[in-house]
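Coordinate inspection notes
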Amino acid sequence: MPFGLAPACTTPTRLADGFGHAQVALFAVRCYVAREIHPKKMVPPFSNEKFGVLIHLHQNYNLYCGTSQRPFSHELDGKQPDSQCTWTWPAVIFSFRWLSLIFIVFSLLFSGYTGFERIFYVMFTVLYWGISYLYHYSRGDFMDRLNQPLEIRANYKWLGILGVIGLVLFFIVQVFPQTSSETLEGQTTKVISKSKAEAAATAFASDRLNIQTGIADKPLVTYQSESDLYGYLSKEKLLDDYNKKYEQKYPYDVFRVRLPESDGQGYVNIDVHMNTGNVVGFSITPPYSKYAAAMAESSETLRKQKLRIVEGNMTVDDKEEIAQSWLQKLGYNTSQLKVASGKDEPGLIYTDPSSHIGESQLEFRFAFEDGQLHSFLPGFSVPSSHTAYVEKQTSSATMLTMLGYGLFTIVLGILAIIYSALTRRYTSFARGLFLSLFYFIVSMLTTYNMLPVLEAEGFSQFGLVVAMVVQVILSIAMTVLLYFSLVGGDGLWRKAGYNAWARAKEPGYGRYVLHSMFTGYLWAFILMGVQSVIYLVLDRTIHSWSTTDASQSPYNMLYPWMLPIMAWMAGISEEAVYRLFGISMLKKIVRNTFVACVIPTLIWAFGHTLYPIYPIYTRPIELLFIGLLFSLIFLRHGYIAVMFAHVVFDSILMSFSLFSMGDLTNILAGVITCIMPFIVAWVIYLFYGKKKEKPYATTPPPEGLL
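Since we're looking at a predicted model, the values are computed, not measured.

1. Considering the overall build of the protein
- Assigned secondary structure in the protein consists of 23 helices and ten strands.
- When burial is assessed residue by residue, the protein has 49% of its 706 residues classed as buried.
- A separation threshold of at least 6 residues defines the contact pool for the protein, and within that pool the share at least 24 residues apart is 72%.
- Entry remark: accessible area of the protein is about 34200 Å², with carbon and sulfur atoms responsible for 62%.

2. Side note on the side chain of Glu575
- Looking at the element boundaries, Glu575 is found in helix α19 (residues 565-590).
- A polar side-chain atom of Glu575 sits 2.8 Å from a polar atom in the side chain of Arg579.
- Polar contacts involving the side chain of Glu575 include one to the side chain of His646, which spans 2.6 Å.
- When neighbours within four sequence positions are excluded, Glu575 is seen to be in contact with Ala570, Leu580, Phe630, Tyr639, Val642, Met643 and His646.

3. Digging into unusual backbone geometry
- In this structure, the amide linkage connecting Tyr614 to the following residue, Pro615, adopts the cis form with an omega of -10 degrees.
- Summarising the element assignment, Pro615 is placed in the loop between β10 (613-614) and α21 (618-637).
- For Tyr288, which is not a glycine, the phi torsion comes out positive at approximately 60 degrees.
- Examined against the element boundaries, Tyr288 turns out to sit in the loop between β4 (279-285) and α11 (291-295).
- A relative accessible area of 74% means that Tyr288 is categorised as exposed.
- Look at Asp370: it is not a glycine, yet its phi comes out positive at around 55 degrees.

4. Re helix α23 (residues 664-689)
- With 26 residues, α23 should reach 38 Å at 1.5 Å per residue; the first-to-last C-alpha distance of 35 Å fits that figure.
- In α23, a bend of some 50 degrees at Ile675 exceeds every other bend along the element, and Pro677, a proline, comes one to four places later.
- All of the buried residues in α23 are Asn666, Ala669, Gly670, Thr673, Cys674, Pro677 and Ala681.
- Elements in contact with the buried residues of α23: α18 (509-541), α19 and α22 (639-659).

5. Quick word on the sheet that holds strand β2 (residues 253-260)
- Sheet architecture is open: eight strands sit in the order β1-β2-β3-β4-β8-β7-β6-β5, paired in antiparallel fashion. Of all strands in the sheet, those with a lone pairing partner are β1 (220-225) and β5 (338-339), marking the two edges.
- Two strands pair when backbone bridges link them, and β5 and strand β6 (residues 348-357) are joined in this way by two bridges, in the antiparallel orientation. Its bridge partner lying in β6, Lys338 is registered against Thr351.
- Helix α8 (residues 194-207) contacts β1, β2, β3 (267-273) and β4 of the sheet and is inclined by roughly 60 degrees relative to β2.

6. With respect to the packing of helix α15 (residues 433-449) against helix α17 (residues 461-495)
- At a minimum axis separation of 9 Å, α15 and α17 run at an interaxial angle of 155 degrees. Comparing their axes, α17 and α15 come out roughly antiparallel. Here α15 runs over α17; the crossing is right-handed. In this structure, α15 contributes Leu433, Leu435, Ser436, Tyr439, Phe440, Ser443, Met444 and Thr447 to the contact, and α17 contributes Met468, Gln471, Val472, Ser475, Ile476, Met478, Thr479, Leu482, Tyr483 and Leu486.
- In terms of residue class, the contact of α15 with α17 is made up of twelve nonpolar, six polar and no charged.

7. Things to note about a nonpolar patch on the surface
- A grouping of Tyr156, Phe518, Ile667, Val671, Ile672, Ile675, Phe678, Ile679, Trp682, Val683 and Leu686 is seen on the molecular surface, where their side chains present a nonpolar patch of about 890 Å² in accessible area.
- Among the elements that make up the nonpolar patch, the one with the highest residue count is α23 (nine residues).
- By the secondary structure assignment, Tyr156 is in helix α6 (residues 156-175).

8. Things to note about α22
- Under the 1.5 Å per step criterion, the end-to-end length of α22 is 30 Å for 21 residues, consistent within 8% with the ideal 30 Å.
- When you tally the buried positions in α22, you get 17 out of 21 residues, the bulk of the element.

9. A word on the nonpolar core
- In this structure, Trp493, Phe630, Phe634 and Tyr639 are the most contacted members of the largest nonpolar core, which totals 81 residues.
- Looking at which element gives the most residues to this core, the answer is α18, with 16 residues.
- Membership of the second largest hydrophobic core comes to 50 residues, among which are Val191, Trp326, Leu337 and Tyr555.

10. Digging into the confidence of the model for the protein
- Per-residue pLDDT for the protein averages 79, and the proportion of residues at 70 or more is 75%.
- Considering only residues more than four positions removed or in separate chains, one finds that residues 178-188, a stretch of pLDDT under 50, has 21 contacts.
- Within the model, the stretch residues 696-706 combines pLDDT values under 50 with 31 contacts to residues more than four positions away or in other chains.

11. Re the packing of helix α14 (residues 384-422) against α19
- Close contact between α14 and α19 brings their axes to 11 Å; oriented N to C, the two are set at 75 degrees. For the element pair α14 / α19, the angle class is roughly perpendicular. When α14 is examined against α19, the residues Tyr405, Thr409, Leu412, Leu415, Ala416 and Tyr419 are found in contact with a partner set consisting of Val577, Tyr578, Phe581, Met585 and Lys588.
- Classifying every residue of the contact of α14 with α19 gives nine nonpolar, one polar and one charged.

12. Some points on the pairing of β2
- Counted residue by residue, β2 has seven buried out of eight residues, so it is predominantly covered.
- Direction of pairing for β1 relative to β2: antiparallel, over a ladder of six bridges. Each residue of the ladder has a partner; that of Thr222, found in β2, is Arg256.
- As paired elements, β2 and β3 share seven bridges and run antiparallel to each other. Considered in β3, the bridge of Val257 is made with Ile270.

13. A look at the side chain of Ser443
- Locating Ser443 in the fold gives a position in helix α15.
- Dropping the residues within four chain positions of it, Ser443 is found in contact with Gln471, Ser475 and Met569.

14. Comments concerning the pairing of β4
- Counting buried residues in β4 gives six out of seven residues, a clear majority hidden from the surface.
- Of the strand pairs in this sheet, β3 and β4 are connected by six bridges, and their pairing is antiparallel. Counted as the bridge partner of Val272 is Val279 from β4.
- Linking β3 to β4, which pair antiparallel, is a turn of five residues; within it Gly277 sits at a positive phi near 80 degrees.
- Summarising the sheet, β4 and strand β8 (residues 372-380) pair through two bridges and their orientation is antiparallel. The partner of Phe282 across the bridge, within β8, is Phe376.

15. Examining the environment of Met399
- In this fold, Met399 is placed in helix α14.
- Given a relative accessible area of 45%, Met399 falls into the partly exposed group.

The rules we used
- Each chain carries its own residue numbering, running from 1 in the direction its sequence is written.
- Owing to the predicted nature of the model, reporting of local features is limited to residues with pLDDT of at least 70; listing and counting of side-chain atom pairs is limited to 80 or more, with chain, interface and lining totals taken over all residues.
- Side-chain figures throughout are based on the complete set of non-hydrogen atoms in the structure, without hydrogens or water.
- A run of H or I in DSSP becomes a helix once it reaches four residues, and a run of E becomes a strand once it reaches two; helices and strands are each numbered from the N terminus.
- Only protein chains enter the accessibility calculation, which uses a 1.4 Å probe; a residue whose area is less than 20% of its type maximum is buried, one above 50% is exposed, and one in between is partly exposed.
- Contact between two residues is taken to exist if any of their heavy atoms lie within 4.5 Å; hydrogens are not considered.
- In short, Shrake-Rupley with a 1.4 Å probe defines the accessible areas, and a residue's cover is counted only from the protein chains shown.
- We define a polar contact as two N or O atoms separated by no more than 3.5 Å, with the added condition that, inside protein, one atom must be a possible hydrogen donor and the other a possible acceptor, whereas residues neighbouring each other in sequence contribute only through side-chain atom pairs.
- Expected span, for any helix, means 1.5 Å times one less than how many residues it has.
- The bend reported for a residue corresponds to the angle between axes fitted to the seven residues ending at that residue and the seven starting there.
- One requirement defines pairing of two strands: DSSP has to find at least two bridges between them.
- For helices, the fitted line uses only the C-alpha atoms of the stretch in contact; every axis is such a line through C-alpha atoms, and the angle between N-to-C directions lies from 0 to 180 degrees.
- Roughly parallel here means an angle under 35 degrees, roughly antiparallel means over 145, roughly perpendicular means 65 to 115, and every remaining angle is called oblique.
- By the definition used in this description, the sense in which the near helix is turned from the far one sets the handedness, with an anticlockwise turn below a right angle giving left-handed and a clockwise turn giving right-handed.
- Note that Gly is not counted as nonpolar here; it falls among the polar residues with everything else outside the nonpolar set of Ala, Val, Leu, Ile, Met, Phe, Trp, Tyr, Cys and Pro and the charged set of Asp, Glu, Lys and Arg.
- Two joining distances apply to patches: 9 Å for like charges and 5 Å for nonpolar side chains (Val, Leu, Ile, Met, Phe, Trp, Tyr), and every residue must have over 30% relative accessible area and no salt bridge.
- Salt bridge, as used here, is a side-chain nitrogen of Lys or Arg placed within 4 Å of a carboxyl oxygen of Asp or Glu.
- Residues belong to a common nonpolar core when they are buried Ala, Val, Leu, Ile, Met, Phe, Trp, Tyr or Cys residues joined through side-chain atoms within 4.5 Å.
- By definition, pLDDT measures how confident the predictor is in each residue, and it falls between 0 and 100.

Shown next as structure tokens:
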């Protein structure tokens, strides 16, 4: 709606008598700015007969009457506004969109503003327009009504234009190396294959360590990352300098190759540079090693005591003799190294005063067991202040996840069961079975695919079984939550007379799914652009930063090409729980669609605070806006369209993880990932398009409004 004060709805008489000269003048200005009407056509508001122009604009500009429940339209629908409507503060607040647009144009032209200030004003205007669009349009009648033809009412021209803009922003901000985030930039160098890493590790074990590896057990190759170091460098904007000076010799990302010894008892871990194939560190674990158990001690004092016992009470001279020998073997200059560890501390640490970046300094860390060398790991230290900050942030994120997300999601699950029973006459308990079963199967496949991560952490066979059992229980719980959210959400919307989730037996279902898919793709492109701008602004305002997470890397999956199926899990479950059911249930409580969108969106956003992005409120801020746009898509086009938008959005982002691996198989898998939603929708269209459509029943929809 163009800028200016405007009532939510009013009658011609009240509009004429209540506006006054100032309001009509402002109304004329906004019409002039919008280029919809020339100001000469405006007339004084004292005559209802001469006020038809404003009444025409009143309808044409979607001045919505909240009690009439009419859909918004950019064309006249021939209906008069409801006479019972009054002014509302949100309607007034969100009436300044065109004023904000004029403001942004002047701010861009005004040379006194910095580049960031211009970006901020653009971002502010975009978000303001988006929220005001959601507010006004969420009050309308957008979904299909029951017993009405299935139809996706979308302006593909504008969605296409905005989608292209979103893609351009995404590639500029997140993909292109010269402008991309530091995380993506670090993936541009070609990565060696796991087989090459295994060959390099095997040769090193034989030539340097004199250890013969066994062939009974297959070597385990996993991706490991010094996330604390990477996070510190990212936070302090030191990644570029580090990559140029030190990354080739002291990488923060490595392939860790676990080679079992020939006797089948012990094993050796060898760290291999992911780009050069050079060995950069190693550890030797003899049979019946107690080193891991000592390191698992939570108390720092007790941990040091246990490690000293594991070492065999070696003296500093004994440690230095072994360490010096290995440093010389590996070609390091020992003349400039200094001992940094204390006399009674376990292990041995050398520092190189000439090599530092920020507050981080090069260290050569040695650990010992039973009088022998246990590990040698060179790398840069992490300042204690940074470590303490991350620990505090992680603790807060855990609390937000448990309370803000976990607790309220459980509440939503309980309410979903209740409303499924209360609305059973409007829905069917068979509706959510297929999607719920699909979710459970995909969840199990995803867990199985992550077995290398558990094995790399030292899980025994019994531990792996226990972990799988726990995951099965959690997957069953989430499947139950999804099922009742689908049933309860469908029942609530149908009770209110809306067809939020079309049924396969309805005429035109195949074509409806196909159009929902096209709409989902365009909205996903828009969301990618919005996300990119949000990242850019958050980086410049709160200085957000991220670090690595080896547990989520496709390198640590049995089959990396299976990673994108998680996008279908998220799209199906999250849109069912937080949009299909969450919005409908909360609207019954709060009696306001916008608030009903915000609450489940916040719950959903808090569930992403444990991602390695800091400060921890970075992702909730991002996902608040992304979630509100998902809510808008749902209210405008229904569950199937928003599910496709979510799946496409996540699939494209995940596909870049496959592209970064560089091999043909995963590149093809990434391409297929991007087009899989299209394939699924096309198959559904071909299957249901052949069915003969039956005429719709003429019985009125069930009574009741959300």
